[in-house]
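Topology and contacts: notes
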Amino acid sequence: QVQLVESGGGLVQAGDSLRLSCAASGRTFSRFAMGWFRQAPGKEREFVAGISWDARRATYTDDVQGRFTISRDNAKSTVYLLMNNLKPEDTAVYYCAQETIGYGLGNRAANFGSWGQGTQVTVSS
């Protein structure tokens, strides 16, 4: 069973940048696609970005394409989300997630089955 611990959230102004980190343990990290989701107040959790098990493919929702970058460091069992040019509508709790089955692409929300506790990102205007 995997454990996922997010960090790096905070309060920033519009246009600023943040980098979220997620440390994983409990399963062989390098075998699994990873992703980031977010949930804003009153809204459902949504897929933000995913990265394949071998880091060859990254997928983004349209809202963050060109502003966010997902990456992974298998030696550290950590996945990152670099968020540039943040907007107030990016305000949400951000969750790290891991796909249930190994060797995936990380491009389908339904394939993710393990979640972290979340980290709050608040962007002021």
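Our subject is the structure that appears above.
The following refers to the structure shown. (Residues numbered from 1 in each chain as written. Predicted model: local features only at pLDDT ≥ 70, side-chain atom pairs only at ≥ 80, totals over all residues. Heavy atoms only, no water.)

As for the state of the cysteines
For the record, the criterion: Here, a disulfide means two cysteine sulfur atoms that sit within 2.5 Å of each other. Helix and strand assignments come from DSSP, with helices taken as H or I runs of at least 4 residues and strands as E runs of at least 2, each series counted from the N terminus. The classification of residues rests on relative accessible area computed with a 1.4 Å probe and restricted to protein chains. Under 20% of the type maximum is buried, over 50% is exposed, and intermediate values are partly exposed.
Tallied over the entire structure, the rule returns one disulfide. Between the sulfur of Cys22 and that of Cys96 lies a disulfide, 2.1 Å long from S to S. On the sign convention where negative means left-handed, the S-S torsion of about -75° between Cys22 and Cys96 marks this disulfide as left-handed. Within this pair, whereas Cys22 is found in strand S3 (residues 18-25), its partner Cys96 is found in strand S9 (residues 92-99), the two being separated by 74 residues in sequence. Of the two residues examined, Cys22 and Cys96, each falls in the buried class.

Thoughts on the sheet that holds strand S1 (residues 3-7)
In plain terms, the rule: Here, strands pair whenever DSSP counts at least two bridges between them. What counts as an axis is a line fitted to C-alpha atoms, over the stretch in contact for a helix, and the angles between N-to-C directions run from 0 to 180 degrees.
Here four strands make up an open sheet; going across it, the order is S1-S3-S8-S7 and the pairing antiparallel. At either margin of the open sheet sits one strand with a lone partner, and together these are S1 and strand S7 (68-73). Between one strand axis and the next, the sheet turns by 15° as a mean value, whatever way the strands run. As paired elements, S3 and strand S8 (residues 78-83) share six bridges and run antiparallel to each other.

Remarks on the pattern of salt bridges
The condition is simple: Think of a salt bridge as a Lys or Arg side-chain nitrogen and an Asp or Glu carboxyl oxygen that are within 4 Å of each other.
As enumerated under the stated definition, the model contains four salt bridges in all. Between Arg38 and Glu46 there is a salt bridge whose closest N-O contact spans 2.7 Å. For Glu46, a relative accessible area of 31% translates into the label partly exposed. A salt bridge links Asp54 to Arg56; its shortest N-O distance comes to 3.8 Å. Of the residues examined, Asp54 reaches a relative accessible area of 30% and is grouped as partly exposed. Each of the salt bridges in this network shares a partner with another, and the network as a whole consists of Arg38, Glu46, Arg67 and Asp90.

Geometric descriptors of this kind do not, in isolation, establish any biological role.
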